[in-house]
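Understanding the architecture of this molecule
Chain residues, written in single-letter form:
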Amino acid sequence: MSHLTDMEQLFGVIDQTAIILRKELNCLYLEAVAETGENLFHEEILQDELDEVTKKRLQKEYSTIKLSRFDKETIRKAYQLAVLKGMKEAVQPNHQMTPDAVGLFISYLVGKFMNKHETYTILDPAVGAGNLITTILNTHAASIEQAYGIDIDDLLLQLTYVNANLQQHGIELFHQDSLQPLFIDPVDLVVCDLPVGYYPNDEGAKNYKVKAEEGHTYAHHLFIEKSLTHVKEGGYVMLLIPNNLFESEQSHLLQPLLKEEAIVQGIIQLPLSMFKQEQAAKSILVLQKKGQHVKAPEHALLVNLPKFSNKEAMNDIMNQMNEWFYVNKK
Ligand code: SAM
């Protein structure tokens, strides 16, 4: 059976059972996706309130698949499709899941930048539904000593929890505002698809260097500062940022922080065609926290990615990038 068919088959079961659970539990489709994920993981129907007929209908669906037969990427993609379907119904644009192509590209960068570390710890302070972090774990689990995820949204965090369980990854999860004090030691690598917009808690923003002189501070600026605080000296921070990060009316507050605390290792602009509007377009910013023995590259990795479907242009860029890594990250 082909890979795609496996994924479709698993998605079909998650989707059908989520539709049943949504109706019977009178909840959101996304909540039902979390519930059915728990059932799949425990191989048991956990919702005691369901009547026997509903339980039998669910059982019939679950019995058509065996989870252990699917590889982790198939499980991630099938679950991701169900979450995407649910997000259309319920989630704000800023809380959207990191797209697959972006996750895979960040995962490639993780492999390249972390190649000197035999093992490392990783934190995603805006873990959402866990698509980005599990994409990275699916490639680099053998080198990842411990993964941490934080999110302010309890439903998204529950989806990450179920997602990680189904893919058999241990991620330590925290339900909290990441801009408040964290109960995690500094890590070797922070990855984050930044929530973009204003942070409403002015009192909470007070302790940050990037706080706005007046009014609300940009949450994405606070996240960048927090990421730099929570990474070890010489550690890396890989962030999905809005393209206008350095041109906004608060960017003069961010520039000195970056200069003081970090080395810009790379800025990789994602293809504009990935985004509905040009203003929503994003780049990947790679920072390294300053520290002893940390050297800046002769020049940062500055790349404009072509459309991912343009194989020739993509190959060309990948060759140039590999050359940069060869020279700078031997
Ligand atoms: N990488 C995630 C994924 O693959 O599903 C998507 C991240 S989404 C773009 C941004 C996330 O930031 C949302 O899940 C949102 O709930 C979270 N968020 C926003 N403000 C936050 C805060 N102050 N503390 C923690 N999480 C926050």
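Before any of the text, the structure's been laid out above.
Keep in mind it's a predicted model, so treat the numbers as computed, not measured.

Let us look at the sheet that holds strand 8 (residues 262-269). Taken in spatial order, the 8 strands of this open sheet run 3-2-1-4-7-9-8-10, and their pairing is mixed. The open sheet terminates on both sides in strands that have one partner only, identified here as strand 3 (171-175) and strand 10 (301-304). Taken over all neighbouring pairs, the strand axes of this sheet differ in orientation by 15 degrees on average, direction set aside. Seen against the sheet, helix 9 (residues 219-229) touches strand 4 (187-193), strand 7 (231-242), strand 8 and strand 9 (282-289) and runs at an angle of roughly 160 degrees to strand 7. Where helix 11 (residues 311-328) meets the sheet, its contacts fall on strand 8 and strand 10, and the angle it forms with strand 10 comes to roughly 175 degrees.

Counting across every chain of the model gives 8 aromatic pairs. Relative to Phe 325, the ring of Tyr 108 has its centre 6.3 Å away and its plane inclined at 85 degrees; by these criteria the two rings are edge-to-face. In this pair, Tyr 108 is assigned in helix 5 (residues 100-113) and Phe 325 in helix 11, connecting sequence segments 217 residues apart. Assigned by exposure class, Tyr 108 and Phe 325 land together as buried.

Before going further, it helps to spend a moment on the site of the ligand. As a matter of local geometry, the ligand sits amid 24 residues, with Thr 98, Leu 132, Asp 151, Asp 177 and Ser 178 nearest to it. Here an oxygen atom of the ligand and a backbone polar atom of Ala 129 are 3.0 Å apart. Within the side chain of Asp 151, an N or O atom sits 2.6 Å from an oxygen atom of the ligand. Computed on the free molecule, the ligand has an accessible area of 600 Å², of which 95% lies beneath the protein chains in the complex. Taken together, the residues of the shell around the ligand break down into 10 nonpolar, 9 polar and 5 charged.

Parameters and conventions
Residues numbered from 1 in each chain as written. Predicted model: local features only at pLDDT ≥ 70, side-chain atom pairs only at ≥ 80, totals over all residues. Heavy atoms only, no water. Pairing = 2+ DSSP bridges. Helix = DSSP H or I, 4+ residues; strand = E, 2+ residues; numbered from the N terminus. Axes fitted to C-alpha atoms, helices over the stretch in contact; angles between N-to-C directions. Contact = heavy atoms within 4.5 Å. Phe/Tyr/Trp six-rings, centres within 6.5 Å; stacked < 30°, edge-to-face > 60°. Buried < 20%, exposed > 50% of the residue type's maximum accessible area, 1.4 Å probe, protein only. Near = heavy atom within 4 Å. Polar contact = N/O pair within 3.5 Å; in protein donor to acceptor, adjacent residues only side chain to side chain. Areas by Shrake-Rupley, 256 points an atom, 1.4 Å probe, with all protein chains shown as cover. Nonpolar A, V, L, I, M, F, W, Y, C, P; charged D, E, K, R; others polar.

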